[in-house]
Amino acid sequence: MKKEKSKVSAQGAAVINPNDEDIRFIDLRVDVAFKRVFATPGNEELLKMLIDSILPNLHVRTLVLGNQENMGDNRDDKKTVFDIKATTEDGETVVIEMQLAEKKDFNDRLVYYSTYPIREQVRSGDKKYSLAPLYIIAIMDFSMDGDRTTDNVINSFCIRNDNDISRTLTDNVHYVTVELPKFKKSMSDLKTLSDRVIWLLRNMGSLKSVPENFKDKRLEKLFDISNFTAMTYEEQMDYLAKFHAELDRAAELEAAIDKGLKRGMEEGKLETATKLKAAGVSLDIISQCTGVPMDILKNL
């Protein structure tokens, strides 16, 4: 993607040619863009709008951004950096992670993230194990698998009784997933502000202009901050570097998955061929049915 610098702006910052048709708005799924919009002091109203779109029953009035970097109890412990950490006026802690590419054990990672704010509450409290509500929100550009899969875009998990799901061990720790690929509404179907915010999380980077039904005063600041051409040259370069790094990681993951699937298919063919050979099936038929070469079959 060839870029040209425009003349220096009135603020003295060089920016990429605003006539470039490649990028108009930054992609909110990219870490640096997500934090720029929702985790920058002064943008608390945008963060509140995001949380309201995901957890409308939380009724957040005001938010205070917290320290995103969390250290372990010991010097050698692993450091954890949250995308967003905030506290509501009612004392609830909200941690938000944006994840573009699927990662192994991501669900366990969310549980691990929750241990830091839980321990902080105990350290700063009155020595009692009375937890204020904690919400760990994962916004993902992939779908969960296994027995957690549902058709719902937003799912909330907590610690419940296996024999009676109406009973919880605690109602103060919540794990919330937002699976963007499951949001199937077209632009014409977006009737509420929440719908528009969720839709923008995945589609902002592909827009070339502000859609007519998005011209809402509550969204003006979101579009202003996400405007790529309004960023300084240094900010643009930082965003592009992070954007391409995210794409590279996603491509590497996809390639690894494909390689694993192919390896599994080959191993399955060999296992089937071995069983057929043991059953006395001719090698010609085995080779035709499984695709395993004759020279390999002879050595099984």
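Residues numbered from 1 in each chain as written. Predicted model: local features only at pLDDT ≥ 70, side-chain atom pairs only at ≥ 80, totals over all residues. Heavy atoms only, no water.

Draft legend 1. Focus on the overall build of the protein chain. Scanning the protein chain from terminus to terminus reveals 8 helices and 10 strands. Per-residue burial over the protein chain gives 37% buried out of 300 residues. In the protein chain, the share of contacts with a sequence separation of at least 24, taken over all contacts with a separation of at least 6, comes to 59%. In the structure as shown, the protein chain presents an accessible area of about 17600 Å², 50% of it carried by carbon and sulfur atoms. (Helix = DSSP H or I, 4+ residues; strand = E, 2+ residues; numbered from the N terminus. Buried < 20%, exposed > 50% of the residue type's maximum accessible area, 1.4 Å probe, protein only. Contact = heavy atoms within 4.5 Å. Areas by Shrake-Rupley, 256 points an atom, 1.4 Å probe, with all protein chains shown as cover.)

Draft legend 2. Quick peek at the packing of aromatic side chains. Scanning the entire structure with this criterion turns up 9 aromatic pairs. With a centroid separation of 5.5 Å and an interplanar angle of 70°, the aromatic rings of F25 and F223 are classed as edge-to-face. Here F25 is found in the segment before α1 (31–38), whereas its partner F223 is found in helix α5 (residues 217–226), with 198 residues between them in sequence. You'll find F25 and F223 in the same group, each marked buried. For the ring pair W199 and F214, a centre distance of 5.4 Å and an interplane angle of 45° mean the geometry is tilted. (Phe/Tyr/Trp six-rings, centres within 6.5 Å; stacked < 30°, edge-to-face > 60°.)

Draft legend 3. Structural view of the side chain of N43. Relative to the assigned elements, N43 resides in the loop between α1 and α2 (44–54). Among the residues examined, N43 registers a relative accessible area of 6% and is labelled buried. A distance of 3.0 Å separates a polar side-chain atom of N43 from the backbone oxygen of V37. When neighbours within four sequence positions are excluded, N43 is seen to be in contact with R36, V37, K221 and I225. (Polar contact = N/O pair within 3.5 Å; in protein donor to acceptor, adjacent residues only side chain to side chain.)

Draft legend 4. Fine view of the confidence of the model for the protein chain. The predicted model of the protein chain has a mean per-residue pLDDT of 81, with 81% of residues at 70 or higher. At the low end of the mean pLDDT range in the protein chain sits strand β2 (residues 69–70), at 60; at the high end sits α2, at 96. Note on residues 1–20: pLDDT is under 50 here. Beyond four places in sequence and across chains, it has 33 contacts. (pLDDT = per-residue confidence, 0-100.)

Draft legend 5. Spotlight on the nonpolar core. In terms of nonpolar packing, the biggest core is built from 51 residues, with F38, L50, I96, I139, L201 and L222 touching the most fellow members. The residues touching I139, leaving out its near neighbours within four places in the chain, are F34, L50, I54, I96, E97, M98, Q99, V178, L180 and L201. (Core = buried A, V, L, I, M, F, W, Y, C linked by side-chain atoms within 4.5 Å.)

Draft legend 6. Summary view of the side chain of Q99. Residue placement: Q99 occurs in strand β5 (residues 93–99). Once residues lying within four places of it in the same chain are set aside, the contact partners of Q99 are F106, I139, M140, D141 and F142.

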